[in-house]
Amino acid sequence: MEKLRILSAMKVQAVEMDFQRYLLDQIDWSDRLIAIKGARGSGKTILLLQHIKKHLPLDGTALYVAMDDLFFTDNNLLSLAEEFYMSGGRYLFIDEVHKYPNWSRELKLMYDNFPKLQIVFTSSSILEIYAGESDLSRRAVTYDLREMSLREFIELDLGLKLPIYSLHEILKNHVTIAAELNRQVQVNAKFLEYLRYGVYPFFKESKVSYLSILRNTIQLIIDVDLNAVENMNYDILVKLKKLSRMIATSAPFTPNISELSNKLGISRPSLLKSLELLEKARIIQSVNKINSGTGILTKPDKVFLNNPNLLYALGDDYENKGTVRETFFVNQLFSKAKVNLAPKADFMINEKITIEVGGPSKSKMQISKTEDAYLLKENIEIGFGNTIPLWLFGFLY
């Protein structure tokens, strides 16, 4: 345990505070049991360490542990928590809890047995906290850490902190907002960079090797994270990789379940389950028509990759700009609004706002007779009327 304390203190001391993810100040850190879910590489570990450094006393009452530490090959989490609690520990931060087999049962016992211990744990976005041996959904408050927004990319890359705007503010005041942002930075130029390598914080390590690192990350998500949560055999893991590749080279697409089943050699229920797992893992994102059915046996109406960086990482020399634009829009909006397919345009937001996405030469003809409709254009700095720069939707968080 002493080695874990020393390692925790070293990690907290070393973490940099210059850039902080949007979620850090949105979490109510007073809750006793907090779950932070997110895709691999989105910054969950840094978030924990920054919170400790920013908000907690460095007096040994806070401990950070990673569940892939060799300590847990011979020791269990519950015993560690008990020893830590009895020695005065009050804040326990558990990273990547999905890698620990008895996570739900032991977290429940820790919550029930140590009333003065606050527990914060991170997990893969795949993990359902009610799906373990013990249902934690009534005890844990869950937060979802999204991938980086365009705004965050600019802050991390340039050190320039720009404001967050609500969807309503963007739709109604986009001309003023875009003009003010462009006075501070050439946003459109940074937007084009972001589409290729700005979604995950590790772009700071190397922009040149970013896509290669991202491909390795995707492989780890399937081989390690999905396997840790779902305990799948090797054959299914191989087919998930093949399915990811098929989607990347043809997204967005309306899945033909029978055709995909034949190509992959798996049943319809297994294919639909695979699509669900890839979505939970933040590799793909499905978008449905309004009033479409829901559930594991329901075919998604259209499937996108989760974010535009994945198009370039998995699709090799990807050049379908229309798909890149739509993928960006879906990714940035999904945490802030309900997104559906529109009958006579690209998307509907909250079942009332019509959105058409296009390049700089795109006309308004498709939405000319539609109320509360907007045209989002790529490669423009400032819009007019109901024409809005597409990049502005990267400032929602």
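Conventions used here
Residues numbered from 1 in each chain as written. Predicted model: local features only at pLDDT ≥ 70, side-chain atom pairs only at ≥ 80, totals over all residues. Heavy atoms only, no water. 1 Å grid on protein atoms, 1.4 Å probe; cavity = no way out; pocket = protein on both sides within 12 Å on 5 of 7 lines; lining within 4 Å. Points joined across faces, edges and corners; volume = space filled by probe spheres on them. Nonpolar A, V, L, I, M, F, W, Y, C, P; charged D, E, K, R; others polar. Buried < 20%, exposed > 50% of the residue type's maximum accessible area, 1.4 Å probe, protein only. Helix = DSSP H or I, 4+ residues; strand = E, 2+ residues; numbered from the N terminus. Arc of directions from axis to C-beta. Contact = heavy atoms within 4.5 Å. Pairing = 2+ DSSP bridges. Right-handed = clockwise from strand over helix to strand, strands pointing away. Axes fitted to C-alpha atoms, helices over the stretch in contact; angles between N-to-C directions. Parallel < 35°, antiparallel > 145°, perpendicular 65-115°, else oblique. Phe/Tyr/Trp six-rings, centres within 6.5 Å; stacked < 30°, edge-to-face > 60°. Lys NZ or Arg CZ within 6 Å of the ring centre and 35° of its normal.

**Structural notes on empty space enclosed by the protein**
Applying the stated rule across the entire model yields 1 cavity of 30 Å³ or more. Of the volumes computed, that of the largest cavity is approximately 60 Å³. Taken together, the residues of the lining of the largest cavity sort by class into 4 nonpolar, 4 polar and 4 charged.

**Here we look at helix α10 (residues 257–264)**
Listing the buried residues of α10 in full gives Ile 257, Leu 260, Ser 261 and Leu 264. Taken end-on, α10 shows its buried residues confined to a sector of 105°, consistent with a single buried face. Set apart from the buried face of α10 by more than 90 degrees, the exposed residues are Ser 258 and Asn 262. Against the buried residues of α10 lie α9 (234–248) and α11 (268–280).

**What about the pairing of strand β4 (residues 118–124)?**
By the criterion of burial, β4 is predominantly enclosed, with 7 of the 7 residues buried. Pairing analysis gives 6 bridges linking strand β1 (residues 33–38) to β4, with the strands arranged parallel. Paired with Lys 37 across the two strands is Ser 123, which belongs to β4. Here 4 bridges tie strand β3 (residues 91–95) to β4, and the two strands are oriented parallel to one another. Counted as the bridge partner of Phe 93 is Val 120 from β4. Once the chain exits β3 it traverses helix α4 (residues 103–113) before rejoining the sheet at β4, and the crossover so formed is right-handed.

**Quick word on the packing of helix α7 (residues 187–197) against helix α13 (residues 321–333)**
Any two packed helices are characterised by the angle at which their axes cross and by the distance between the axes. Running from amino to carboxyl end, α7 crosses α13 at an angle of 85°, the nearest separation of the two axes being 11 Å. By the angle class used here, α7 and α13 are roughly perpendicular. In contact with Phe 191, Tyr 194 and Leu 195 of α7, α13 contributes Val 324, Phe 328, Asn 331 and Gln 332. Residue composition of the contact of α7 with α13, by class: 5 nonpolar, 2 polar and no charged.

**Structural notes on the packing of aromatic side chains**
Two descriptors summarise a pair of aromatic rings, namely the distance from one centre to the other and the angle between the planes of the rings. All chains considered together, the criterion is met by 17 aromatic pairs. Measuring from centroid to centroid gives 5.8 Å for Phe 153 and Tyr 194, while their planes differ by 55°, and the two rings are tilted. Residue Phe 153 is located in helix α5 (residues 150–158), and its partner Tyr 194 is located in helix α7; the two are separated by 41 residues in the primary sequence. Here Phe 153 matches Tyr 194 in class, with each residue buried. In this structure, Arg 32 is placed above the aromatic ring of Tyr 111, and the distance from its NZ or CZ to the ring centre is 4.0 Å. When the ring centre of Tyr 85 is taken as origin, the NZ or CZ atom of Arg 90, which lies over that ring, is 4.7 Å away.

**Side note on the sheet that holds β3**
The strand order β2-β3-β4-β1-β5 describes an open sheet built from 5 strands, whose pairing is parallel. Strands at the two margins of the open sheet, each flanked by one partner only, are β2 (62–66) and β5 (141–145). The average angle at which neighbouring strand axes cross in this sheet is 15°, direction not considered. Pairing analysis gives 5 bridges linking β2 to β3, with the strands arranged parallel. Each residue of the ladder has a partner; that of Tyr 64, found in β3, is Phe 93. Running over the sheet, helix α2 (residues 44–55) touches β1, β2, β3, β4 and β5 and is turned about 165° from β3.

**As for unusual backbone geometry**
Despite not being glycine, Arg 282 has its phi angle at roughly 65°, a positive value. Along the polypeptide, Arg 282 turns up in the loop between α11 and β6 (284–287). Of note in this structure, Asp 372 is not a glycine but carries a positive phi near 50°. When you line up the elements, Asp 372 lands in the loop between β10 (353–358) and β11 (373–377). Look at Asp 372 and you get partly exposed, because its relative accessible area is 34%.

Don't take any of this as a statement about function, it's just geometry.
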